[in-house]
Amino acid sequence: KAMQQYQNALDIKLKALGPDHSSTAITYHSIGNVLRNQGKYEKAMQQYQKALEIKLKVLGPKHSSTAATYHSIANVLQDQGKYEDAMQQYQNALAIFLKVHGPEHSSTVTTYHKIGNVLFFEGKYKDATQQYRKVLEIKGGELGPEQPSAADTYHCILQDHGKYKETMQQYQKALEIELK
């Protein structure tokens, strides 16, 4: 149902605004999100690539919306196990987010966390832990230690070191925070 609505919106935007409009790019990006959630990674990637092409042309390479598309492309690549390619796209997004929003913005922090995940999946546990600690420092300072996302990041650090008992305690803490 969502896909049909996005497709209808895309048809309207293509007619009214043309193919090289930022609103058209956002709709391609949204269609990509739906396809990714359905596990249709190749089709999602095609939509993200269309969105990226338009955003680079219309908004430029240093716009936060362009960074968001790099981030979404990285998510698909990570889902497909293409970690090296995902890392490059996350790095592209991170560079833009840092310039546009700074190191403590939620988009920047999320990208740090995603980079940690890629490093973890690649077996680079020490590097992943460094990324997770960076996220925790920012989240703990900005959001406070009682935020679910801070607890989630903390358990990632413990899990990286094989501290499963402490990890379970953090899962419990995160659950308690969520239920408040």
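This report concerns the structure included in the present document.

**Describing the overall build of the protein**
Next, step 1: Looking only at helices and strands, one finds nine helices and zero strands in the protein.
Next, step 2: Each helix and strand of the protein, ordered N terminal to C terminal, gives the series α-α-α-α-α-α-α-α-α.
Next, step 3: The buried share of the protein, reckoned over its 180 residues, is 41%.
Next, step 4: For the protein, the proportion of contacts with a sequence separation of at least 24, taken over those separated by at least 6, is 50%.
Next, step 5: When the accessible surface of the protein is summed, it comes to about 9,900 Å², and 51% of that surface belongs to carbon and sulfur atoms.

**A few points about the packing of aromatic side chains**
Next, step 1: Scanning the entire structure with this criterion turns up three aromatic pairs.
Next, step 2: Geometrically, the ring pair formed by Phe120 and Phe121 is edge-to-face, given 6.1 Å between the ring centres and 70° between the ring planes.
Next, step 3: For Phe120, a relative accessible area of 24% translates into the label partly exposed.

**Considering the side chain of Thr24**
Next, step 1: Inspection of the secondary structure assignment puts Thr24 in helix H2 (residues 22-37).
Next, step 2: Among the residues examined, Thr24 registers a relative accessible area of 0% and is labelled buried.
Next, step 3: Setting aside anything within four residues of it in sequence, one finds Thr24 in contact with Leu10, Lys13, Leu14, Leu17, Gly18, Pro19 and Ile54.

**Remarks on the packing of helix H1 (residues 2-16) against H2**
Next, step 1: Contact geometry of H1 with H2 gives a least axis separation of 9 Å together with a crossing angle of 160°. By the angle class used here, H1 and H2 are roughly antiparallel. Seen from above, H1 lies across H2 with left-handed handedness. When H1 is examined against H2, the residues Met3, Tyr6, Gln7, Ala9, Leu10, Lys13 and Leu14 are found in contact with a partner set consisting of Ser23, Thr24, Thr27, Tyr28, Ser30, Ile31, Val34 and Leu35.
Next, step 2: In terms of residue class, the contact of H1 with H2 is built from nine nonpolar, five polar and one charged.

**Structural notes on H2**
Next, step 1: Along its 16 residues, H2 runs 23 Å from first to last C-alpha, staying within 8% of the 22 Å computed at 1.5 Å per residue.
Next, step 2: The complete set of buried residues in H2 reads Ser23, Thr24, Ala25, Thr27, Tyr28, His29, Ser30, Ile31, Gly32, Val34 and Leu35.
Next, step 3: Packed against the buried residues of H2 are H1, helix H3 (41-58) and helix H4 (64-79).

**Description of the pattern of salt bridges**
Next, step 1: Throughout the structure, instances matching the rule amount to three salt bridges.
Next, step 2: Here Asp20 and Lys57 are joined by a salt bridge, their closest N and O atoms 3.3 Å apart. Of this pair, Asp20 sits in the loop between H1 and H2 while Lys57 sits in helix H3; the two residues are 37 residues apart in sequence, bridging distant segments of the chain.
Next, step 3: Note on Asp20: relative accessible area 42%, which makes it partly exposed.
Next, step 4: Taking the relative accessible area as the measure of exposure, Lys57 reaches 57% and is therefore exposed.
Next, step 5: Across the pair Arg36 and Asp79 runs a salt bridge, and its minimum N-O distance is 2.6 Å.

**Regarding helix H6 (residues 106-121)**
Next, step 1: With 16 residues, H6 ought to run about 22 Å at 1.5 Å a step, and its terminal C-alpha atoms sit 22 Å apart, in line with that.
Next, step 2: Those residues of H6 not exposed but buried are Thr108, Val109, Thr111, Tyr112, His113, Ile115, Gly116, Asn117, Val118 and Leu119.
Next, step 3: One or two residues past the end of H6 sits Gly123, with phi positive at roughly 85°.

**Describing the nonpolar core**
Next, step 1: Among the nonpolar cores identified, the biggest contains 33 residues, and Ile73, Tyr90 and Ile115 are the most heavily contacted of them.
Next, step 2: With seven residues, helix H5 (residues 83-101) is the largest single contributor of residues to this core.

What counts, and at which threshold
- Within each chain, residues carry numbers counting from 1 in the order of the written sequence.
- Local features are withheld for residues below a pLDDT of 70 in this predicted model, meaning they are given only at 70 or higher, and side-chain atom pairs are given and counted only at 80 or more; totals for whole chains, interfaces and linings count all residues.
- Processing note: side-chain calculations cover all non-hydrogen atoms of the structure and skip hydrogens and water entirely.
- Helix and strand definitions follow DSSP, with helices as H or I runs of at least four residues and strands as E runs of at least two, each counted in order from the N terminus.
- Residue burial is assigned from relative accessible area. The probe radius is 1.4 Å, only protein chains are included, and a residue is buried under 20% of its type maximum, exposed over 50%, and partly exposed in between.
- We call two residues in contact when some of their heavy atoms are within 4.5 Å.
- Values of accessible area rely on a 1.4 Å probe in the Shrake-Rupley scheme; residue burial ignores everything except the protein chains shown.
- Each pair of aromatic rings taken from Phe, Tyr and Trp, with Trp reduced to its six-membered ring, is defined by centres within 6.5 Å and is described as stacked if the planes are under 30 degrees apart, edge-to-face if over 60, and tilted in the remaining cases.
- Fitted lines through C-alpha atoms serve as axes, helices being fitted only where they are in contact, and the angles separating the N-to-C directions of these axes extend from 0 to 180 degrees.
- Between 65 and 115 degrees an angle is taken as roughly perpendicular, under 35 as roughly parallel, over 145 as roughly antiparallel, and anywhere else as oblique.
- Here a crossing is called left-handed whenever its near helix is offset anticlockwise from the far helix by less than a right angle, and right-handed whenever the offset is clockwise.
- Ten residue types, Ala, Val, Leu, Ile, Met, Phe, Trp, Tyr, Cys and Pro, are classed as nonpolar, four, Asp, Glu, Lys and Arg, as charged, and the remainder, Gly among them, as polar.
- A helix's residues, less one, multiplied by 1.5 Å, set its expected span.
- Salt bridge, as applied in this entry: a Lys or Arg side-chain nitrogen positioned within 4 Å of an Asp or Glu carboxyl oxygen.
- Buried residues of nine kinds, namely Ala, Val, Leu, Ile, Met, Phe, Trp, Tyr and Cys, make up a nonpolar core once their side-chain atoms join them within 4.5 Å.

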